[in-house]
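What follows is the residue order along each chain.
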Amino acid sequence: MKKIAYLLSLMMLFTAFAPAFAADNKEKEKLELTAEEKERLSEIENRVDEIKAMDFGDMSKAEKKGIKKELKELNKEAKQLSGGVYISVGAIILILILILIFA
């Protein structure tokens with residue numbers, strides 16, 4: 001019975017990740033950033049450093065909220081420029097189920 005459970009879970013694992021490997025990902029081809037993108041990333045890094053150096057104790061609640069919103073937008077923009085690795089919710093659930101089965 002355990003062999004069947006292991007086999008089925010292994011098959012589910014392979015079918016869950018097979019579309020990710022088979023997909024034609026054009027983002028991986030774009031490894032080199034353009035000069036504009038590099039410049040924008042450096043601007044984002046400089047702004048984040050400025051925000052880290054700020055003293056938040058003297059700020060009002062609205063100012064803190066505005067800075068938090070700005071940081072979120074900068075983070076989104078930086079992720080779009082540099083790319084990233086994303087795992088779907090279904091894959092995470094499958095991994096957790098497999099961990100529970102084998103533990």
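Basis of the calculations
- Residues numbered from 1 in each chain as written.
- Predicted model: local features only at pLDDT ≥ 70, side-chain atom pairs only at ≥ 80, totals over all residues.
- Heavy atoms only, no water.
- Salt bridge = Lys/Arg side-chain N within 4 Å of Asp/Glu carboxyl O.
- Helix = DSSP H or I, 4+ residues; strand = E, 2+ residues; numbered from the N terminus.
- Buried < 20%, exposed > 50% of the residue type's maximum accessible area, 1.4 Å probe, protein only.
- Core = buried A, V, L, I, M, F, W, Y, C linked by side-chain atoms within 4.5 Å.
- Contact = heavy atoms within 4.5 Å.
- Expected span 1.5 Å × (residues − 1).
- Arc of directions from axis to C-beta.
- Phe/Tyr/Trp six-rings, centres within 6.5 Å; stacked < 30°, edge-to-face > 60°.

Caption draft 1: Main features of the pattern of salt bridges. Enumeration over the complete set of coordinates arrives at four salt bridges. Note that Arg40 is salt-bridged to Glu77, the shortest N-O span being 2.7 Å. Placement of the pair is Arg40 in helix H2 (residues 35–53) and Glu77 in helix H3 (residues 61–82), with a sequence separation of 37 residues. Salt-bridge contacts for Arg47 lead to Glu70; the nearest nitrogen and oxygen are separated by 2.7 Å. In this pair, Arg47 sits in helix H2 while Glu70 sits in helix H3, placing the two residues 23 residues apart along the sequence. Taking the relative accessible area as the measure of exposure, Arg47 reaches 24% and is therefore partly exposed. According to the relative accessible area criterion, Glu70 is partly exposed, its value standing at 24%. Salt bridges here are not isolated pairs; linked through shared partners, they connect Arg40, Glu43 and Glu77.

Caption draft 2: Structural view of the nonpolar core. Judged by nonpolar contacts, Leu41, Ile44, Leu74, Ala78 and Leu81 together constitute the single largest core of five residues. Elements represented by at least two residues in this core include exactly H2 and H3. When residues in this core are grouped by element, the largest group, three residues, is from H3. Apart from the residues lying within four places of it in its own chain, the contact partners of Ala78 are Leu41 and Ile44.

Caption draft 3: A look at helix H4 (residues 89–102). Across its 14 residues, H4 extends 20 Å between first and last C-alpha, which sits within 8% of the 20 Å expected from 1.5 Å per residue. Here H4 has its buried residues at Ala91, Leu94 and Leu98. Take H4 and look down its axis: the buried residues cluster within an arc of 60°, on one side only. Pointing more than 90 degrees away from the buried face of H4 are the exposed residues Val89 and Leu100.

Caption draft 4: Region of the structure containing the packing of aromatic side chains. Enumeration according to the criterion identifies one aromatic pair in this entry. An angle of 15° between the planes, with centres 4.8 Å apart, marks the rings of Tyr6 and Phe102 as stacked. Pair noted here: Tyr6 is in helix H1 (residues 2–22) and Phe102 is in helix H4, with a separation of 96 residues, a long-range link.

Caption draft 5: Here's a closer look at the environment of Tyr6. Relative accessible area serves as the criterion here: at 42%, Tyr6 is assigned to the partly exposed category. With 96 residues separating them along the chain, Tyr6 and Phe102 place their C-alpha atoms 8.4 Å apart.

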